[in-house]
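Chain residues, written in single-letter form:
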Amino acid sequence: MKKKILVTGGTGYIGSHTAVELIGDGFEVVIIDNLHNSEADVVDRIHQITGVKPHLEIFDICNKESLDSFFTANKDISAVIHFAAYKAVGESVRKPLEYYQNNLGSLINLLGAMKEAGIPGLVFSSSCTVYGQPEELPVNEQSPLQPAESPYGNTKQIGEQIIRDTTRAVSTIKAIALRYFNPIGAHPSALIGELPRGVPENLVPYITQTAYGLRDELKVFGDDFNTPDGYCIRDYLHVVDLAKAHVVAVKRLIEGKNKSDFEMFNLGTGIGVSVLEAIKSFERATGVKVNYKVTDRRPGDIEKIWADPSLANRELGWKTLSSLDEAMLTAWNWEKKIRSNKG
Ligand code: NAD
Ligand code: UFG
């Protein structure tokens, strides 16, 4: 019998790519999503890629009653991957209460429902934002967590603490937090990708929309940082590489290979790339120029961060395979395809 995995936020960007990889690995996928930042037809696109249409339940995980009745009907779930959250650093500075409410409310409900239903494994979407602005780079899992620079980052720090306390208190629940660096790109089929509602908050969708002509210019948030070229530095990894790490993490929990009740892993390439270098990579990979203008810094932004991914390389047997240019090309192919479909 196929093991059943609940993917919350599974019609979203990373969740949909992970659903594809899980199905490809022989898992049954059930998705809960309230479609706050995604479309229901993503499950049809997953079907087109994999030949299997995952079951989608549309409701808000902050609604405890709905979540509890879902688990009552689905006690055979082997593990949960919890993607559902709001994710934009800048927006979280403007709307802190919404971020605390959604990101922490959903997690607390989920852990409570897992405890009641006896569901054993949780993979949590964490973020390199938990490190705040690190004093030493690259960051590894032992690096001290600095104060979060944004309410969003704080929800991930607190989320990890909630999980740590819960795994200590509830012996049935084991968890893995995956601290993503910056996922970009799209599935090579160009059937799924990042499709933010409204004006994109993240860099790469803003680049692709500007290149496509949907936006006049990309605003680059500052060029006076303490970095070699003055632009912010991130560690951009291909979303398909990231998705594959979730399959490994889920198997680790199901097979009981975890070394403690709550583990955490950095998921990145180990390479720091500036915003300017990211723009140049897009231009090199696609042959399309990006119209950009440097503006003020964005509140809540971290100046520079990149991963030491060696723990994930060693323990999970996982590493990134795609280059930055390859990832940029898939992001562009996705943008073109989705726009041409929309007419
Ligand atoms: P996304 O917005 O594309 O996907 C999140 C999905 O969750 C959306 O489909 C949304 O509709 C759904 N959702 C949100 N709140 C919900 C709720 N209360 N109930 C039900 N569904 C809900 O985002 P993503 O980029 O796929 O990110 C997934 C996870 O990874 C998030 O937890 C995010 O914080 C984390 N993360 C993302 C990045 C990134 O750069 N994309 C980096 C680090 C961590
Ligand atoms: N940037 C711009 N212009 C834009 C958008 C972004 O210059 O229009 C810059 C930002 O200032 C930053 C870099 O591009 O220097 C990356 O910004 P993103 O918004 O794409 O990514 P963040 O690093 O701020 O945050 C993202 C996700 C978080 C996640 C984090 C992990 O939104 O959910 O990556 O690093 F936690």
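See the structure shown above.
Summarised in this report is the structure supplied together with it. Just so it is clear, the structure is predicted and the values come from calculations on it, not from any experiment. (Residues numbered from 1 in each chain as written. Chains lettered and ligands numbered in written order. Predicted model: local features only at pLDDT ≥ 70, side-chain atom pairs only at ≥ 80, totals over all residues. Heavy atoms only, no water.)

1. Focus on helix α5 (residues 96-117)
Okay, so step 1: The terminal C-alpha atoms of α5 lie 31 Å apart, and with 22 residues this matches the ideal 32 Å at 1.5 Å per residue to within 8%.
Okay, so step 2: Of the surrounding elements, those touching the buried residues of α5 are β1 (4-8), α3 (64-73), β4 (77-82), α4 (89-94), β5 (121-127) and α6 (151-169).
Okay, so step 3: One or two positions beyond α5, positive phi appears at Gly 118, with a value near 70°. (Helix = DSSP H or I, 4+ residues; strand = E, 2+ residues; numbered from the N terminus. Expected span 1.5 Å × (residues − 1). Contact = heavy atoms within 4.5 Å.)

2. Examining the site of ligand 1
Okay, so step 1: Around ligand 1 sit 27 residues, and of these Asp 33, Asn 37, Ser 38, Asn 102 and Tyr 152 come closest.
Okay, so step 2: Contact distances for ligand 1 include 2.8 Å between an oxygen atom and a backbone N or O atom of Tyr 13.
Okay, so step 3: When ligand 1 is considered free in solution it has 820 Å² of accessible area, and contact with the protein chains removes 96% of it.
Okay, so step 4: Of all elements in the fold, only α1 (13-24), β5 and α6 reach the threshold of two or more residues within the shell around ligand 1.
Okay, so step 5: Sorting elements by how many residues they give to the shell around ligand 1 places β5 first, with three residues.
Okay, so step 6: Residue composition of the shell around ligand 1, grouped by class: 12 nonpolar, 11 polar and four charged. (Near = heavy atom within 4 Å. Polar contact = N/O pair within 3.5 Å; in protein donor to acceptor, adjacent residues only side chain to side chain. Areas by Shrake-Rupley, 256 points an atom, 1.4 Å probe, with all protein chains shown as cover. Nonpolar A, V, L, I, M, F, W, Y, C, P; charged D, E, K, R; others polar.)

3. Observations concerning the environment of Glu 263
Okay, so step 1: One can find Glu 263 in strand β11 (residues 262-267).
Okay, so step 2: Residue classification places Glu 263 among the buried residues on the basis of a relative accessible area of 8%.
Okay, so step 3: Distance in space between the C-alpha atoms of Glu 263 and Arg 164 is 9.1 Å, their sequence separation being 99 residues.
Okay, so step 4: Those residues in contact with Glu 263 that lie beyond four places of it in its chain are Ala 175, Ile 176, Ala 177, Arg 252 and Asn 258.
Okay, so step 5: At a separation of 2.8 Å, a polar atom in the side chain of Glu 263 contacts the side chain of Arg 252. (Buried < 20%, exposed > 50% of the residue type's maximum accessible area, 1.4 Å probe, protein only.)

4. Let's talk about the sheet that holds β4
Okay, so step 1: Here seven strands make up an open sheet; going across it, the order is β3-β2-β1-β4-β5-β6-β11 and the pairing parallel. Edge positions in the open sheet fall to β3 (55-57) and β11, since each of these has one partner strand only. Across the sheet, the axes of successive neighbouring strands diverge by a mean angle of 20°, strand direction being ignored.
Okay, so step 2: When β1 meets strand β2 (residues 28-32), the two strands line up parallel, connected through five bridges. For Val 7, the partnering residue across the bridge sits in β2 and is Ile 31.
Okay, so step 3: Along the sheet, α5 contacts β1, β4 and β5; its crossing angle with β5, the most-contacted strand, is approximately 165°.
Okay, so step 4: Packed on one face of the sheet, α6 meets β5, β6 (174-180) and β11 and runs near 155° to β5. (Pairing = 2+ DSSP bridges. Axes fitted to C-alpha atoms, helices over the stretch in contact; angles between N-to-C directions.)

5. Examining the site of ligand 2
Okay, so step 1: Close contacts around ligand 2 come from 23 residues, with Ser 127, Asn 182, Lys 219, Arg 234 and Asp 301 the closest.
Okay, so step 2: Measuring from an oxygen atom of ligand 2, one finds a side-chain N or O atom of Arg 298 at 2.8 Å.
Okay, so step 3: Compared with its free state, where it exposes 680 Å², ligand 2 has 94% of that area covered by protein.
Okay, so step 4: Classifying every residue of the shell around ligand 2 gives 13 nonpolar, four polar and six charged.

6. Re the packing of α1 against helix α8 (residues 239-254)
Okay, so step 1: As a packed pair, α1 and α8 sit with axes 8 Å apart at the nearest point and diverge in direction by 60°. When the axes of α1 and α8 are compared, the pair comes out oblique. The interaxial crossing formed by α1 with α8 has right-handed handedness. Within the contact between the two elements, α1 uses Tyr 13, Ile 14, His 17, Thr 18, Glu 21 and Leu 22 and α8 uses Val 239, Val 240, Leu 242, Ala 243, Lys 244, His 246 and Val 247.
Okay, so step 2: Its residues placed into classes, the contact of α1 with α8 shows eight nonpolar, three polar and two charged. (Parallel < 35°, antiparallel > 145°, perpendicular 65-115°, else oblique. Left-handed = near helix turned anticlockwise from the far one by under 90°.)

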